[in-house]
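Structure at a glance
Residues per chain are reported as follows:
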Amino acid sequence: MKIAARRIPSIPGFQCAGISCGIKTGKTKDLALMVSDRPAVAAGVFTTNQVQSPTVAWDKKALQTSATLRAILVNSGNANACTGKRGMKDCETLTGELAKSLSISSREILIASTGIIGVPLPAKKIVASLDRLTGQLSKDNWKETAQAIMTTDLVPKTDAVSYTRAGKKIIIGGIAKGSGMIHPNMATMLAFITTNAALPSTTLQRALKEAVDPTFNSITVDGDTSTNDMVLAMANGLAGNPSIWSGSADYKSFVKGLKEVCKNLAFQIVQDGEGATKFVTIKVQGAKTKKGAQTIAKSVATSSLVKTALFGEDPNWGRVLSAVGYAGVSVNQDRIRITLNGALLFKNGAPARGTSPAMLRKKMRQKFILVTISLFQGRHEAEVYTCDLSYNYVRINAEYTT
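Residues numbered from 1 in each chain as written. Predicted model: local features only at pLDDT ≥ 70, side-chain atom pairs only at ≥ 80, totals over all residues. Heavy atoms only, no water.

Some words on the overall build of the protein chain
Within the protein chain, the regular secondary structure consists of eleven helices and 14 strands. Against the globule reference of 21 Å for 402 residues, the protein chain gives a C-alpha radius of gyration of 22 Å, in line with a compact fold. When the accessible surface of the protein chain is totalled, it reaches about 16500 Å², and 51% of it is carbon and sulfur. When the 50 basic and 28 acidic side-chain charges of the protein chain are each reduced to a single mean position, those positions are 5 Å apart. (Helix = DSSP H or I, 4+ residues; strand = E, 2+ residues; numbered from the N terminus. Rg over C-alpha atoms; globule rule 2.2 N^0.38 Å. Areas by Shrake-Rupley, 256 points an atom, 1.4 Å probe, with all protein chains shown as cover. Lys, Arg positive; Asp, Glu negative; His and termini not counted. Charge placed at Lys NZ, Arg CZ, Asp CG, Glu CD.)

Below is the structure:
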């Protein structure tokens, strides 16, 4: 397993800023802004939780009703969720005031929040800081912007890739936040992708969904899905490339780059999982269907017993096999094979022989763990990325208040 070094975005035509506005204590950054110098097309993928922050509703409507977007405003430290009618009113207030500062329409602004649920957003503090925020916009402030969207994260998460197509340099970059409450189908994570590529919004939406499914929707830290989660993408077309259309060779190149950014950001989230000491890949192969492989991989990856065994460096194949068995997918236990970092643990319905305890302990001490589950039923496979469950995870979340 290899996780790319954090690459700092620098996208032509996009500026950003990250400051402290007083939501968090001290001078910790808690307010971020990303702005396109020209109208951009946008796309979004959102949490599947039925309890949603007004920010999710606002953004869904903006994407449906606005042909182009210009800005994304993000605060951390407060989720603006479960606060009644005031939550949407605060969205209207903030986008309205920011629109004045940027001389654009409020419907050209997307908004996101992350933090404590059930506490009214301190909108006055944010409004009072908007002029200072817009005054610090720069093409070079991506690290500060990534810091401003963090909650329990230990490190900011950034990435960028570039490639040349038809003589035009296309750059895709992004930032993300997430550490705990992470589970497939969005979790307590935010990600913002920007690119100078030229393409219609319908193509961007399709590409984003295609990139999110095997990346952000294939990670899990603790099995919890939150109320505010989203991945937003904006494309301003400044690369000057011929417009990218779904299904074309240009589209495949764009999706490849977009997937790389999403995957690296998603891996950074797992690596920064609350209290995590290991990065774990659960790979299921030889399944009858792709869905079946994904279901089994997610079942193993979300098992608290599997995750605590990984933290304790215990090669407990019984917990893995049990999670396979209760996943709800038909399997034949006498054909299943389980390996851990290449060491055979279980085969043909019985524990494997010949693997020394000393070698297993050595493999379990490694930071990157690969658990491979072979079903021998078909040709489909899937991977889900997770981490161990440690004492620190319990401490962090026991001290975190709603």
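Observations concerning empty space enclosed by the protein
If you walk through the whole model with that rule in mind, you get two cavities of 30 Å³ or more. In this structure, the largest cavity spans a volume of roughly 80 Å³. In this structure, the largest cavity is lined by Val306, Ala309, Leu310, Asp314, Pro315, Asn316, Trp317, Val320, Leu340, Leu345, Met364 and Val371. Of all the secondary structure elements, the ones that give two or more residues to the lining of the largest cavity are helix H8 (304-311) and helix H9 (317-325). Among the elements that make up the lining of the largest cavity, the one with the highest residue count is H8 (three residues). Within the lining of the largest cavity, the residues separate by chemical class into ten nonpolar, one polar and one charged. Taken together, Tyr163, Arg165, Ala166, Ile170, Asn241, Pro242, Ile244 and Asp250 form the lining of the second largest cavity. (1 Å grid on protein atoms, 1.4 Å probe; cavity = no way out; pocket = protein on both sides within 12 Å on 5 of 7 lines; lining within 4 Å. Points joined across faces, edges and corners; volume = space filled by probe spheres on them. Nonpolar A, V, L, I, M, F, W, Y, C, P; charged D, E, K, R; others polar.)

Quick notes on helix H1 (residues 54-65)
Between its terminal C-alpha atoms H1 stretches 16 Å, which fits the 16 Å expected from twelve residues at 1.5 Å a residue. Turning to H1, its buried residues number three or more, namely Pro54, Thr55, Val56, Trp58, Asp59 and Ala62. Elements in contact with the buried residues of H1: strand S2 (31-46), strand S3 (69-78), helix H2 (85-102), strand S4 (109-116) and strand S8 (230-235). (Expected span 1.5 Å × (residues − 1). Buried < 20%, exposed > 50% of the residue type's maximum accessible area, 1.4 Å probe, protein only. Contact = heavy atoms within 4.5 Å.)

Observations concerning the packing of H1 against H2
Orientation of H1 relative to H2, taken along the N-to-C sense of each, is 55 degrees, at an axis distance of 8 Å. By the angle between their directions, the pair H1 and H2 is classed as oblique. The handedness of the crossing between H1 and H2 is right-handed. Contacts between H1 and H2 involve Pro54, Thr55, Ala57 and Trp58 from the first element and Gly87, Met88, Cys91, Glu92 and Thr95 from the second. For the contact of H1 with H2, a count of residues per class yields five nonpolar, three polar and one charged. (Axes fitted to C-alpha atoms, helices over the stretch in contact; angles between N-to-C directions. Parallel < 35°, antiparallel > 145°, perpendicular 65-115°, else oblique. Left-handed = near helix turned anticlockwise from the far one by under 90°.)

As for the nonpolar core
By size, the foremost hydrophobic cluster in this structure holds 39 residues, and its most contacted members are Ile172, Ile193, Phe216 and Phe254. If you list the elements that add at least two residues to this core, you get S2, strand S5 (157-165), strand S6 (168-177), strand S7 (190-195), helix H5 (201-212), S8, helix H6 (249-271) and strand S14 (380-387). Among the elements that line this core, the one with the most residues is H6, at eleven residues. Among the nonpolar cores identified, the runner-up in size contains 30 residues, and Ala287, Ala297, Ala327 and Met364 belong to it. (Core = buried A, V, L, I, M, F, W, Y, C linked by side-chain atoms within 4.5 Å.)

Thoughts on the pattern of salt bridges
Scanning all chains against the criterion turns up nine salt bridges. Residues Lys139 and Asp140 are paired through a salt bridge, measuring 3.2 Å at the closest nitrogen-oxygen approach. The shortest N-O distance in the salt bridge between Glu313 and Lys278 comes to 3.1 Å. In this pair, Glu313 is assigned in the loop between H8 and H9 and Lys278 in the loop between H6 and strand S9 (279-287), connecting sequence segments 35 residues apart. Under the relative-accessibility criterion, Glu313 is labelled partly exposed at 31%. Salt bridges here are not isolated pairs; linked through shared partners, they connect Arg7, Asp159 and Glu260. (Salt bridge = Lys/Arg side-chain N within 4 Å of Asp/Glu carboxyl O.)

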